[in-house]
Structure formats: C-alpha cells, structure tokens
Amino acid sequence: MAQTMPTYPAGSVAGMDVMHQSMPHNAPVPGTTDGGVRFESAAVVEARVQAEYDATHKTDHKLTDIQSDALAGYCQKLYQEAVQARRVSGLTDELLDHQRRMASKYDSQKLAQLLAKNQQETFYPLTAMKAHDCAAWESEIINAVGDSRAWFLSPTEQPSLAPAAEMKARAQVEQEVQTMAQAGDVPGPEEIAEQAETRQQIIVDGIKSDAAKSAAKMESLIHDQLQECKSAEIDLQFRQNQKGFGRGYLKGPIMRKRKQLVWSATGKVEVSEKIIPTVEAPNPLDIFLSPDSSRARDGNVFQDHVCTRTDLLELRGTSKYVNDANIDAILAMPSIPLQEQLRPEDIERRGLEGKQPAQASTDPRPHLYEFWGKVPGSVLIGIGITAGIKPEGVYAYEVHWCGGKTIKAVPNPDPLGLTPYEDADFKDKPHAACGYGIPELGKVPQDFLNAAQRALSKNMAHGAGFQRIVDLSQMPSTFKPTSIIPFDTLFVESKQGFTTAPITDWQPKMVTDQLLRVIEAAKGWMDDVTGIPTHDPADLAASAGRTSTGLKVLIGIGHRGMEDSLANRDYAWAGIVERFYNYNMVYHSDPAVKGDVQVVVKGTLGMLTSEMQKQQIGEFIDRLNTPFGQEAYGPETYAKLMQEYAKLSHIDIEKSLPSAEEVKARVAQRMQEAQAAAQNEQAANAAPPLDDSQKQLNLANAQKALAAAQAHKDIVGIQAAKVEIAKAKLALEQGNQQISRATAVADI
C-alpha cells in the first residue's frame, strides 16, 4: 500500500542530503525495552540528526546568493568540460547509436541514403531480441539462486578492539596484580604480560561473537531496506542499462519520502509519510564523468535531472543547505534559460524515448544539475568559505544548481567521502569510460542482417509476378502500355528485319531461400559474438532449473556470455550495500546492528555453482540412504557429505554439525546400547520350559475348546482349536523324545 511521494526530482537534489534527513518514524530508540518502541515525530528526529551532523562539521557552509552563483559557475564550467570531453571522445555518439539499435531505428544519415536509393526502411529487431534473450537468461539464473543474496556481511578476521574495552582489560590486570602484591605474591613482568594477553583475548573473543550477531542483524536490516525501496525493480532497470548502453549506474542511499496507509489510534485509515533510504538506476546518458576518469569512483561525477517547477517548489525548506531565495528567483523567470542544458543529442534522444522535443532556447521542464566531487580550497576561499579551509587542500562537496544559480551546496555527507554512484559494464573494455553492450557487440551481424532483409523484401516484390517487355517500334502510335488487359486483341505492325515478338514476358528469379539462409546465419553470428543463445522457455534450463542438470546448463550459459555482466553487477550492488552499512553505522538508532564487519561478494554464478553442488550432494546422499549404502560406506562418509552441504549453505559447521570422528563414536555407542537393550529384552521375554502336567492341561483345554466350537458350529473356532491341539501334542511328543534320548545316553 506504499506510494512514492514526488518530493524530490528523480536523481536526488535535496533527497541526497543523506546525513541530515530524518530517520523512519518507527525506528527503535536507544533506551527502550525489548518489545516496546518509542515513536518520535519527524521534526524531533530531524533536529536530532541535524545536530549530529553539525557536531561533525564545525563550520556552517550555507552560502549567500553571490557565493552560490560563483560556486554554480565553477561547477558549470567543470560540467561543460565533462560534456565536451565525452562528445569529442565519440562516446556520446556511441551511446545514441546504442539507443537507436535497441529501438530498431536508423540514424538520419543512413536513413537518407536508403531513401535516396529507394530502399526500404526495414530494421530487423535482432539487437532488441538478443537483449530480451539475455534478460530472460539472467532471470533464469537469478531465480535459480532463489532468495539467496550475492553478498553477505561477515565479521572481520580481527575485529578492532574498542579503546574502552582495552582500558577495561588493563584495569582488570592492574587490579589482579595489586591483589597478588597485597598477598605477598608479586608477579614478574612475563606473568603480568601473560595475564594482560589472556584478558585481552577474552575480550576479543567476546567482540568476535558480538560482531557475528551484529553482522547478521545488519545484513537483515539492509536486506529489508533494499526490499522496501523495491530494489528488484531497480536492479531490472540497471541490468537493462548494462545491456543497452554497455554500462549501468546505481545510486544510493538516497533519502525519499514514501506515503503509506496506516491505522490510526481511532481505528481509521490514514496516510502517513515515512522517510527511507532508497536506490536509483540513472540513465547513462545523464551521467558525465570528469575527462580523466573512466569509473564513477575515479573523480567528479555529474548528473543531469529533468524536473518540473513543482519539483523545484517542493525543495524549499527541506534543509538549511537549500537556498530558498535562488529557487524563488528561478521560479519567477517566465521561461528558464537552457544555457548549456539543451545538448544537440538531447533532441534525437527525446525522439527515441517518445518524448516531446524541446525548444531551441527555452524548455518548460528545467534541467537541474548535480555535482559530486572535489573542490579546491582556493575556490572555496575565493567565494567566502574560509573557516577550516586551506588553500592547498581539496574538499568533497555535493552541489546542485539550476539556471546558473546554486540550489544546494553541502560538504559530502558520506562519512568516508564516497560518492553515491557505482557502475558496472556488460563486458569489460579496459581503461574505457564505457564497456561493451549488446548493440556494440552485435553491430556487424545486425547491419548484415538488415541488408539481407532489404534484399529479401526487394526480391520478393520483384519476383511476385512476371514482367512484360514491349517493343514500341512494332506497336501502333495509339498504343499505351497501361492499356494492356487480359484477353485483349492487340494490332501490331510487322516490320522487316524484326525477329522477336513485340510483346514478351519475363519472370525474375526468386532467391528467397538463399537470403533466408543468410538471415539465419546472421542470427547465429549474433549468438557467437554476444555469447548469448536464444532463450527457449521449453529448454532444459527453463524446465529443470532446480535440478543439478538444469543448473549445470545455466552455469554454462552464464560463463559463456554473462560472466562479466553478472560479476560486475554483483560488485556494484556490494558497493551500494557498503554505503548502506556506512549510513546505518552512523545514523541508525539501534546499537545492536553496529559492529566491525565487511561486505563479502559471493557472486551470482558462484552461488549458482554452489547450488548445483548442493543438488549433486543431496542426490548422492539420497542414493546412499539404503541398507547396502549405509553398510558399505558407513556413517563417516555420510557425515563428510553433510559437512560439505553445510559449507555450501554457509552454516557454521563447528557449532551445528559433529565431526566424522564424533559421528563414528556416537554410532558405535548407539550400537552397543542397542545390543545391550536387545539382550535385556530377550532375557526378559524368555519363558521357563513347561512341564508335562502343564502340557497335558493345555491339550485338555484345546480339546474342550474344540468341543464347544463344534457344538456351536463355529468354523473359525474349530480351526483355531485344532491348531492349539496340534501344538499341544507336538510339545508332548518333543518332551517324550528328549526323555528317550536322555535315557539312552544314560544307559550308554
């Protein structure tokens, strides 16, 4: 029932002010008891977080109007350099060409050439189909992994010892030394050092245990935060950018307001606002890197946002770092000047995206620019920011400007100075600002197939019917070629020297079969260059993805064409998780989630391989679960297989499973206990042998039962009595035989 409130423009603006936005209203507050949560208003939480931020930033960097315009001019200059560098390098044209091919469109120059030659505009959507195949295979692989994540949080090998804990260990050692000295037993330096090391190790072990618990809670918290911001949809858009442009971008955490329906104290449904950290997948055409950068982490990052006047109006008053006066000045303009914001490629891009083209000088939808990067201290001093600033230093800043005026300027709120961007290529292109995408990899097969498709269309049109050849020199002057109709009589002039008929028919040759084979070859060529086979829902991987055979097929396909893209995707999401961890460590109110941990990337294909190994081990265990298998291989083999299965499932073996030796000892003990129990049961159930009088009595009782059954004509009773009589007689005969043998032995 949650709904996104368009408080900030898409991309961030004030929303990226991560370090001074309020926490969710229902976040637990330190000091509350288990099971009880104290609720705080948004204003109270905002004030508390703002105070924490101001305590870490001693100077107030809020700018005056003159200072903000100067800072906007500096950032605008860097932005223009980044735009020009991307354009000169040819990357802008490449990205637009990728977008055209994904939309199955020709560029204007190629289209003009085709029309000049009276060629058809046919563009076979092979690139888009291959991107669809790749998306389908990725979904198969990701779904085969299930709810598992490509990352997890793990405590560091040596968690850092807090100063308070170290001081506590030293105080305990000093107290023990004083106690021993008072008792007359003064320890030596080595003994004191050993005691100190022992105490510190005890504390370190406790820290490791607490770190493991904190890591599990932090991992669960981040997982919930990503689910709440619908990260699955963001990941789909991110992977589409990867395939279509060669590089995708992730951005987060970004604080956003979400509307949701909640029950009020009076039992009515009300609308409540909640501020949560979210993730976005910006369009690569809107991201610009500094000229000397190839990755988002290397240097300055710029992002272009298309917003509305309402978006700008809603920014007012969201933070003390937002310049409300400049927003009012921009909104007062009858039309916001474009300046450098309407780039030549924007016109074609809007057409490919199905949007209304912008005007040449003004735009009703203003562009807002975002800058993340380093600003020299000399520039800050030049615009009046001097407190704590050194001319030779560089300082990380976040700046937003529109219409030549700064909307917001604040020191980078990330505690480690990281930008909120992560990038991932579809296929790596070393030292390049963009990787290989499906349009670039399949460019030649796509053009080859388009040419074959045009030739096929023309051949089919020409070969659809015969063509007529008319010798006009033999036709009367009144003849018109358009007047030929079926069953018509034509009068011609017979001229001397002509040996051919005045009208003949000619059938063009059809070569559609050959052209169709060329098209199929181009499709196979596309499979080879991209490494992505055609996705068939009836394939083995689609129908048996959860079996070891199906998983093996998926692994082969993943390593063939999507190894780079999936691995790069995993590392990009791990970077976002790292930023969520940093954010929660500083601003989340629950101390139980905070610990010394690290982000570990398992990898989607690695998880898929582990899943296949788990399936194979499980199938092998099922085959061993037979009387012969248990007797032939023993419990030790079963225990080792279970340990391997637990390792692949990331289960702590030492705490959860016994070793093979322990299993062997337990089995031996249980066998001894079973044998003893069997012997005791046998002894308890053994009855003393019957004497002759008892046997005679049993025979008499059986005979009475037979008589009673016969009197009542009870057939079942008669048969049962006869069986008992036979047993009694057999017992008497066996007893007599034993007596005879004993007598014979005695006589001998």
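Note: the structure precedes this text.
Not measured: the values here are computed from a predicted model.

*Asks:* Mind showing me how you'd approach the overall build of the protein chain here?
*Replies:* Scanning the protein chain from N- to C-terminus turns up 24 helices and 13 strands. Residues classed as buried in the protein chain amount to 41% of the 748 residues present. When contacts within the protein chain are restricted to residue pairs at least 6 apart in sequence, long-range pairs at least 24 apart make up 75% of them. Only carbon and sulfur atoms are counted for the fraction: they give 55% of the accessible area of the protein chain, which is about 40900 Å².

*Asks:* Mind showing me how you'd approach a negative patch on the surface here?
*Replies:* A cluster of acidic residues, Glu190, Glu191, Glu194 and Glu197, forms a negative patch on the protein surface. Mapped onto the elements, Glu194 comes out in helix α7 (residues 189-228).

*Asks:* Mind showing me how you'd approach the packing of aromatic side chains here?
*Replies:* Geometry of an aromatic ring pair is reported as the spacing of the ring centres plus the angle between the planes. For the structure shown, the criterion picks out 9 aromatic pairs. Each ring, one from Tyr79 and one from Trp401, has its centre 6.3 Å from the other, and the planes form 75°; the classification is edge-to-face. One end of the pair, Tyr79, is in helix α2 (residues 65-88); the other, Trp401, is in strand β8 (residues 394-402), and 322 residues separate them in sequence. Under the relative-accessibility criterion, Tyr79 is labelled buried at 1%.

*Asks:* Explanation requested: the side chain of His98 in the structure shown.
*Replies:* Looking at the element boundaries, His98 is found in helix α3 (residues 91-102). When its relative accessible area of 3% is taken as the criterion, His98 is described as buried. Polar contacts involving the side chain of His98 include one to the main-chain carbonyl oxygen of Phe245, which spans 3.5 Å. Excluding residues that lie within four positions of it along the chain, His98 makes contacts with Gly244, Phe245, Pro439 and Glu440.

*Asks:* What am I meant to see in the packing of helix α14 (residues 443-462) against helix α15 (residues 512-530) here?
*Replies:* Between two packed helices, both the angle of their axes relative to each other and the distance between the axes serve to describe the pair. Between α14 and α15, whose axes approach to 9 Å, the crossing angle comes to 165°. One finds that α14 runs roughly antiparallel with respect to α15. α14 and α15 meet at a crossing whose hand is left-handed. Counting all contacts with α14, which are made through Val444, Pro445, Gln446, Phe448, Leu449, Ala452, Gln453, Ala455, Leu456, Asn459 and Met460, the residues of α15 involved are Thr512, Leu515, Leu516, Val518, Ile519, Ala522, Lys523, Trp525, Met526 and Val529. Each residue belonging to the contact of α14 with α15 can be placed in one class, and the counts come to 16 nonpolar, 4 polar and 1 charged.

*Asks:* Could you clarify how one ought to interpret the pairing of β8 in this entry?
*Replies:* The two faces of a sheet get side chains in turn, since along a regular strand they alternate between them. The pairing of strand β7 (residues 367-376) with β8 spans 8 bridges and is antiparallel. Bridge pairing links Gly373 to Tyr397 in β8. Sheet topology note: the β8/strand β9 (residues 405-411) ladder contains 6 bridges and is antiparallel. Among the inter-strand pairings, Val399 is bridged to a residue of β9, identified as Ala409. Adjacent in sequence and paired antiparallel, β8 and β9 are bridged by 2 residues, among which Gly403 carries a positive phi angle near 60°.

*Asks:* Looking at this structure, I do not really get the nonpolar core. What am I missing?
*Replies:* A general tendency of soluble globular proteins is for nonpolar side chains to be buried together. Leu153, Ile222, Leu226, Leu250 and Val279 are the most contacted members of the largest nonpolar core, which totals 22 residues. Contributing elements (two or more residues each) for this core: β2 (151-155), α7, α8 (231-245) and α18 (563-587). Sorting elements by how many residues they give to this core places α18 first, with 6 residues. Once residues within four sequence positions are removed from consideration, Val279 is found in contact with Leu226, Cys229, Ile234, Leu250, Lys251, Trp573, Ile576 and Phe580.

*Asks:* Teacher, can you tell me more about the sheet that holds β7 here?
*Replies:* Across a sheet, paired strands are connected by hydrogen bonds in the backbone, their directions being either parallel or antiparallel. If you walk across this open sheet you meet the 5 strands as β5-β6-β7-β8-β9, and the pairing is antiparallel. Each end of this open sheet is capped by a strand with a single partner; those strands are β5 (287-289) and β9. Put simply, the sheet's adjacent strands are angled 20° from each other on average, direction ignored. Contacting β8 and β9, helix α10 (residues 324-332) runs over the sheet at an angle of about 155° to β9.

*Asks:* When you look at the environment of Gly465 in this model, what are you seeing that I'm missing?
*Replies:* Secondary-structure assignment places Gly465 in the loop between α14 and β11 (467-470). If near-sequence neighbours (up to four positions away) are discounted, Gly465 is found in contact with Gln507 and Pro508.

*Asks:* Help me understand the environment of Gly299, please; the structure alone is not making it clear to me.
*Replies:* With respect to the helices and strands, Gly299 occurs in the loop between β5 and β6 (301-306). Between the C-alpha atom of Gly299 and that of Lys374, which follows or precedes it by 75 residues, the distance is 7.8 Å. In this view, Gly299 contacts Ser290, Ser293 and Trp372; residues no more than four positions away in its chain are not counted.

*Asks:* Would you mind going over α18 with me for this structure?
*Replies:* An α-helix turns once per 3.6 residues; consequently, residues spaced three or four apart project the same way. Its 25 residues place the ends of α18 36 Å apart at the C-alpha level, agreeing with the 36 Å of an ideal helix rising 1.5 Å per residue. Among the 25 residues in α18, 18 count as buried, and that is most of the element.

*Asks:* What am I meant to see in α8 here?
*Replies:* For α8, with 15 residues, the first-to-last C-alpha span of 20 Å sits near the 21 Å given by 1.5 Å per residue. When α8 is considered as a whole, its buried residues turn out to be Ser231, Ile234, Asp235, Phe238, Arg239, Asn241, Gln242, Lys243, Gly244 and Phe245. A positive backbone phi angle near 95° is found at Gly246, which sits one or two residues after α8.

*Asks:* Help me understand the state of the cysteines, please; the structure alone is not making it clear to me.
*Replies:* The bond known as a disulfide is covalent and runs between the sulfur atoms of two cysteines. Applying the stated criterion to the full structure yields 0 disulfides. Distance from the sulfur of Cys307, which forms no disulfide, to the nearest cysteine sulfur (Cys402) is 5.6 Å. Given a relative accessible area of 0%, Cys307 falls into the buried group.

Conventions and cut-offs
- Along each chain, numbering runs from 1 in the same order as the chain's sequence is written.
- Totals for whole chains, interfaces and linings use all residues, but because this is a predicted model, local features are given only for residues with pLDDT of at least 70 and pairs of side-chain atoms are given and counted only at 80 or more.
- Processing note: side-chain calculations cover all non-hydrogen atoms of the structure and skip hydrogens and water entirely.
- The helix and strand labels rest on DSSP assignments: H or I over at least four residues marks a helix, E over at least two residues marks a strand, and numbering proceeds from the N terminus.
- A simple rule labels every residue: compare its accessible area, found with a 1.4 Å probe on the protein chains alone, to the largest value its type can have, and call it buried under 20%, exposed over 50%, or partly exposed in between.
- The contact rule is simple, with two residues in contact once any of their heavy atoms fall within 4.5 Å.
- Surface accessibility follows the Shrake-Rupley procedure with a 1.4 Å probe radius. Residue values consider only the protein chains on display as shielding.
- Here the term patch refers to residues with relative accessible area over 30% and no salt bridge, with like charges joined within 9 Å and nonpolar side chains (Val, Leu, Ile, Met, Phe, Trp, Tyr) within 5 Å.
- Salt-bridge detection follows one rule: a side-chain nitrogen of Lys or Arg within 4 Å of a carboxyl oxygen of Asp or Glu.
- Neither His nor the chain termini are counted; the positive set is Lys and Arg, and the negative set is Asp and Glu.
- Charged side chains are reduced to one point each, which is NZ for Lys, CZ for Arg, CG for Asp and CD for Glu.
- Here is the rule: rings of Phe, Tyr and Trp (six-membered ring for Trp) pair when centre to centre is within 6.5 Å. Planes less than 30 degrees apart are stacked, more than 60 are edge-to-face, and the remainder are tilted.
- In protein, a polar contact means a hydrogen-donor-capable atom and an acceptor-capable atom, both N or O and within 3.5 Å, with residues adjacent in sequence counting only if both atoms are side-chain atoms; elsewhere, any N or O pair within 3.5 Å suffices.
- Axis lines are fitted through C-alpha atoms, for helices just across the contact stretch, and the angle between N-to-C directions can take any value from 0 to 180 degrees.
- An angle below 35 degrees is read as roughly parallel, one above 145 as roughly antiparallel, one from 65 to 115 as roughly perpendicular, and any other as oblique.
- Throughout, a crossing is termed right-handed when the near helix is turned clockwise from the far one, and left-handed when it is turned anticlockwise from it by less than a right angle.
- Charged means Asp, Glu, Lys or Arg here, nonpolar means Ala, Val, Leu, Ile, Met, Phe, Trp, Tyr, Cys or Pro, and polar covers whatever is left, Gly included.
- Only strands joined by at least two bridges in the DSSP assignment are considered to pair.
- Buried Ala, Val, Leu, Ile, Met, Phe, Trp, Tyr and Cys residues that are joined via side-chain atoms within 4.5 Å together make up what is termed a nonpolar core.
- Here the expected span of a helix is defined as 1.5 Å times the quantity of residues minus one.
- Cysteine sulfur pairs qualify as disulfides if the two atoms are within 2.5 Å.

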